[in-house]
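# Observations on the three-dimensional arrangement
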Amino acid sequence: MFRVIESPEEGKSFDGISLFVNKKPVKAELCRVSALPFNTPWPGHQRPIEQSEEAGFIRIVSDEKIELEVRYKRGFQRAVVRPLSKNIRVSADGTKACFTLEREGQYVLELDDEHTALHIFVERPRDFSKYGTPTRVFGAGLHKAGKIVLRSGDRIFIDEGALVKGVLYGKGVKDVAVYGYGVIDGGEEVRLSPDCYGEETNGCLKFYESENLRIEGITLTDSAVWVCNLFACSDVVLDDIKIVGHWKYNCDGIDIVNSSRVEIRDSFIRAFDDVITLKGIVPYRHLPLEEISVKNCVLWCGWGRTLEIGLETLAEYYRGISFTDCDLIHNSAVAIDIQSGDYAEIYDIKYRNIRVEYQNSILPEQMENPIGSPYVGYGKPHAPTFIKICTWPYFLGSPFEKYDEELAAARVGRRAKIYDITFENVTAFVEEGGVLPETVINVEEPASLGKITFKNVNTRILSK
């Protein structure tokens, strides 16, 4: 049994693609993604749409193997399905690509390179009855919901075929679930805030000081700022969420800020800017970041860092954090990054069974400085960084925080410490002829660096 989840007619199809699932014609939905790694300091203007490009995605619910046939009228010379670790063999003839997906997971078909991408999400049938009776249901069709303010105990069911134009917001709430097969589209929210911390602009999901949250099955598209935000939250599970179709400035995928007991599993995240980031900021600096787990996820970074701790590290400590069985299929500045910008103690951090993919087609990052200057990175090599551990000067006077005497006093005598960091079975896969990624460790006084363990960390060259 299988079925394809489609948004209502307002959701446009991905032009040029004809798609068949188990010989049945279906529609690949259209989304917008970043076309190039071109960023600008904020505050500034919002990113022009000319810096984006079209991509497609499809959601399939199935308990059987899936055979896909993709026809592309423009033609192509090469077809690949990522993650490479799934070993999906593609039969292609220049206009048609055929392949089989034996099991659930998140996949991307790329024709020639990443600029023609079809995101394919195959998930098992789910039983949402465990959440009880929904308090609000978005059925199939278009819903212009605006800002949805959540209350404790809410059960928000976004049914298959639902396209919710809006954002979900909760502050001080407990026992909330947002679930279903539908889409939350943040594209109608206008960015009002200079940063991503405040409540003026919310992204697709934003929670402050909340606990016992469950987000399952849904797809998040076209956020105005950080896509999924957790500020001072605890006991959170993000299960099989799809973050795709983001291209605006500061569109981090998931930001975990001074929060504890957070699990992200079986999910796909493609973001323009950092993908998964753990931060500590001024209002919640008394709270640690601990017991955080990211496992079995597929990640795509259009700018910045794919897995990041920092740069904001105002917290008592970071500990008990693990990244396991993840595929980082596209990476920009740094794939795995610990960058300490303040006094937090960072320890007991584990990276295990991580696979990092690098392509020769990747473009180098560039800042739009001054505003209005063109991107000039075409044809230039990208020098990737595989693993980086570093410190930065403290953020005193930074525009991202309010300087006050209490904060200055909190910093007195405190120095960042980084230790007990483990990298095990971490591999960078580099296409033949590409620039080899480097590992950088640069921890400067007064911060201190302790034991870092590298076990079976290597680079492999992929033949053409």
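Here is a short report on the structure shown in this document. (Residues numbered from 1 in each chain as written. Predicted model: local features only at pLDDT ≥ 70, side-chain atom pairs only at ≥ 80, totals over all residues. Heavy atoms only, no water.)

## Details of the overall build of the protein
On a plain count of helices and strands, the protein comes out with one helix and 40 strands. The C-alpha atoms of the protein give a radius of gyration of 21 Å, which matches the 23 Å a tight globule of 464 residues would have. In terms of its C-alpha atoms, the protein occupies a principal-axis envelope of roughly 65 × 55 × 45 Å. A separation threshold of at least 6 residues defines the contact pool for the protein, and within that pool the share at least 24 residues apart is 72%. Approximately 18,400 Å² of the protein is accessible, and the part contributed by carbon and sulfur atoms is 48%. Across the protein, the centroid of the 56 positively charged side chains sits 2 Å from that of the 69 negatively charged ones. (Helix = DSSP H or I, 4+ residues; strand = E, 2+ residues; numbered from the N terminus. Rg over C-alpha atoms; globule rule 2.2 N^0.38 Å. Contact = heavy atoms within 4.5 Å. Areas by Shrake-Rupley, 256 points an atom, 1.4 Å probe, with all protein chains shown as cover. Lys, Arg positive; Asp, Glu negative; His and termini not counted. Charge placed at Lys NZ, Arg CZ, Asp CG, Glu CD.)

## Some thoughts on the pattern of salt bridges
Enumeration according to the criterion identifies 33 salt bridges in this entry. A salt bridge links Arg3 to Glu160; the nearest nitrogen and oxygen atoms lie 2.9 Å apart. Placement of the pair is Arg3 in strand β1 (residues 2-5) and Glu160 in the loop between β15 (155-158) and β16 (162-171), with a sequence separation of 157 residues. Since its relative accessible area comes to 28%, Arg3 is described here as partly exposed. Among the salt bridges present, the one from Arg305 reaches Asp337, with a minimum N-O distance of 2.9 Å. In this pair, Arg305 sits in strand β31 (residues 305-313) while Asp337 sits in strand β33 (residues 334-340), placing the two residues 32 residues apart along the sequence. For Asp337, a relative accessible area of 0% translates into the label buried. Several salt bridges share partner residues, and in doing so they unite Glu123, Arg126, Lys130, Glu216, Asp239, Asp240, Lys242, Glu263, Arg265 and Lys295 into one network. (Salt bridge = Lys/Arg side-chain N within 4 Å of Asp/Glu carboxyl O. Buried < 20%, exposed > 50% of the residue type's maximum accessible area, 1.4 Å probe, protein only.)

## Notes on the packing of aromatic side chains
Counted according to the given criterion, the structure contains 18 aromatic pairs. Centroid distance Tyr317 to Tyr347: 6.5 Å. Interplanar angle 50°. Geometry classified as tilted. A residue pair is termed long-range when its members are at least 10 positions apart, and Tyr317 in strand β32 (residues 317-330) and Tyr347 in strand β34 (residues 345-358) qualify at 30 residues. With relative accessibility at 17%, the residue Tyr347 sits in the buried group. Ring plane angle 5° and centroid distance 4.8 Å describe the contact between Tyr351 and Phe423, whose orientation is recorded as stacked. (Phe/Tyr/Trp six-rings, centres within 6.5 Å; stacked < 30°, edge-to-face > 60°.)

## A look at empty space enclosed by the protein
Within this structure, the stated rule accounts for two cavities of 30 Å³ or more. By volume, the largest cavity amounts to about 260 Å³. Lining of the largest cavity is provided by 22 residues; of these, Ser34, Glu114, Trp300, Cys301 and Gly302 occupy positions nearest its centre. Contributing elements (two or more residues each) for the lining of the largest cavity: β4 (29-34), β27 (268-271) and β30 (298-301). Of the residues assigned to the lining of the largest cavity, the class counts are ten nonpolar, nine polar and three charged. (1 Å grid on protein atoms, 1.4 Å probe; cavity = no way out; pocket = protein on both sides within 12 Å on 5 of 7 lines; lining within 4 Å. Points joined across faces, edges and corners; volume = space filled by probe spheres on them. Nonpolar A, V, L, I, M, F, W, Y, C, P; charged D, E, K, R; others polar.)

## Some thoughts on a nonpolar patch on the surface
On the surface, Ile441, Leu449 and Phe454 cluster together into a nonpolar patch covering about 250 Å² of accessible area. For Ile441, a relative accessible area of 40% puts it in the partly exposed group. (Patch = residues over 30% accessible without salt bridge, like charges linked within 9 Å, V, L, I, M, F, W, Y side chains within 5 Å.)

## Notes on the sheet that holds strand β9 (residues 91-92)
Taking strand neighbours across the sheet as the criterion, the five strands line up as β3-β2-β7-β10-β9 in an open arrangement whose pairing is antiparallel. Edge positions in the open sheet fall to β3 (24-26) and β9, since each of these has one partner strand only. In terms of strand pairing, strand β2 (residues 17-21) meets strand β7 (residues 66-72) through five bridges, oriented antiparallel. From the neighbouring strand, Leu19 faces β7, where its bridge partner is Val70. (Pairing = 2+ DSSP bridges.)

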